[in-house]
Amino acid sequence: MRPGLAVILVGEDPASQVYVRNKVNACAQAGFHSEKHAYPADIEPSAVFDKIAELNADPKIHGILVQLPLPRNFDTEALLDAIAPEKDVDGFRAENVGALVQGQPCFIPCTPYGAMKFFEEAGISLKGKEAVVVGRSNIVGKPMAMLLMHAGATVTVCHSQTRDLKAHCLRADILVAAIGRPKMITGDMIKPGAVVIDVGINRLPGDDGKSKLVGDVAYGEALGVAGAITPVPGGVGPMTITMLMKNTVTAACRAAGIEY
Ligand code: NDP
């Protein structure tokens, strides 16, 4: 049995193209079967729904991922809901979200799952810790908060309407930044010794004319204050891909009736 992942990309967003390429390459390196289905931004949504129905029925495919964001004319929730639950390796379908909230077995969304693996591998206990998640998106902030809560942390979720973000951040033993704003979390917003997970991926013009990736945390400043911090690039991004592959292996094992 060979795990199989299908990735659907709609539109020409350069960042999405890079993410999809990295995911497909990682699968190829691991010996997975992988397929990329790319469509122009003006494709009729029904064509993508048809492809998902085809992939749902394809025994070679165990996981289906739709790269987000989708063009505006797409109903993102409806498209994600078209993925068969047993192939929803990104964990974005409503059933998966509900199972996550209830602490039942589910596909855990890959980015927060990767962050939880960091804590586990680094031996960082979350019980009783003050955790602050900045960002409340369905794909990062909300599931991240839920996982931290299940792990015993006391969780605060901040967002664009939060008053005095700095005061909240300064209380955090565990600070997760998932905002999409370059270097927004500065050194003076971090409690000394805090563990900082920087989820943000932002492109800024580099000195050499090429764009460079920076996170949501001002890394240089944070290094002097935090007890531990994930870098951008090289931190959460690769872990997200790793957890995607883990979820795909889990889906393949379930399809084959193997306990995993
Ligand atoms: P979204 O744009 O969906 O969500 C951003 C969140 O940040 C929102 O909840 C928003 O609040 C909040 N926010 C925006 N401005 C502020 C502010 N000034 N103060 C406090 N909160 C604010 O982004 P995503 O969750 O999808 O992604 C976040 C970042 O993580 C992006 O940089 C993205 O590229 C990156 N990312 C990285 C991944 C990886 O593999 N490393 C995977 C997925 C995302 P509100 O809800 O009120 O609008």
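Residues numbered from 1 in each chain as written. Predicted model: local features only at pLDDT ≥ 70, side-chain atom pairs only at ≥ 80, totals over all residues. Heavy atoms only, no water.

Draft legend 1. Representation of the layout of surface pockets in the model. By volume, the largest pocket amounts to about 970 Å³. For the lining of the largest pocket, the secondary-structure elements that each account for two or more residues are helix H1 (14-29), strand E3 (63-66), helix H5 (110-122), strand E8 (202-205) and helix H9 (236-255). Considering each element in turn, the lining of the largest pocket owes the most residues, 6 residues, to H9. Of the residues that constitute the lining of the largest pocket, the class distribution is 24 nonpolar, 11 polar and 6 charged. Two domains each put at least three residues into the lining of the largest pocket: domain 1 (4-92 + 238-255) and domain 2 (124-229). Considering only enclosed or pocket space, the second largest pocket measures out at about 420 Å³ in volume. In this structure, the second largest pocket is lined by 20 residues; those nearest its centre are Phe 92, Val 97, Asn 138, Ile 139 and Lys 142. Contributions of two or more residues to the lining of the second largest pocket are made by helix H3 (76-81), helix H4 (94-102) and helix H6 (141-150). (1 Å grid on protein atoms, 1.4 Å probe; cavity = no way out; pocket = protein on both sides within 12 Å on 5 of 7 lines; lining within 4 Å. Points joined across faces, edges and corners; volume = space filled by probe spheres on them. Helix = DSSP H or I, 4+ residues; strand = E, 2+ residues; numbered from the N terminus. Nonpolar A, V, L, I, M, F, W, Y, C, P; charged D, E, K, R; others polar. Domains from an automatic or database assignment.)

Draft legend 2. Local environment of the packing of aromatic side chains. Tallied over the entire structure, the rule returns 0 aromatic pairs. In this arrangement the basic side chain of Arg 254 is found over the ring face of Phe 107, its NZ or CZ atom lying 4.8 Å from the centre. (Phe/Tyr/Trp six-rings, centres within 6.5 Å; stacked < 30°, edge-to-face > 60°. Lys NZ or Arg CZ within 6 Å of the ring centre and 35° of its normal.)

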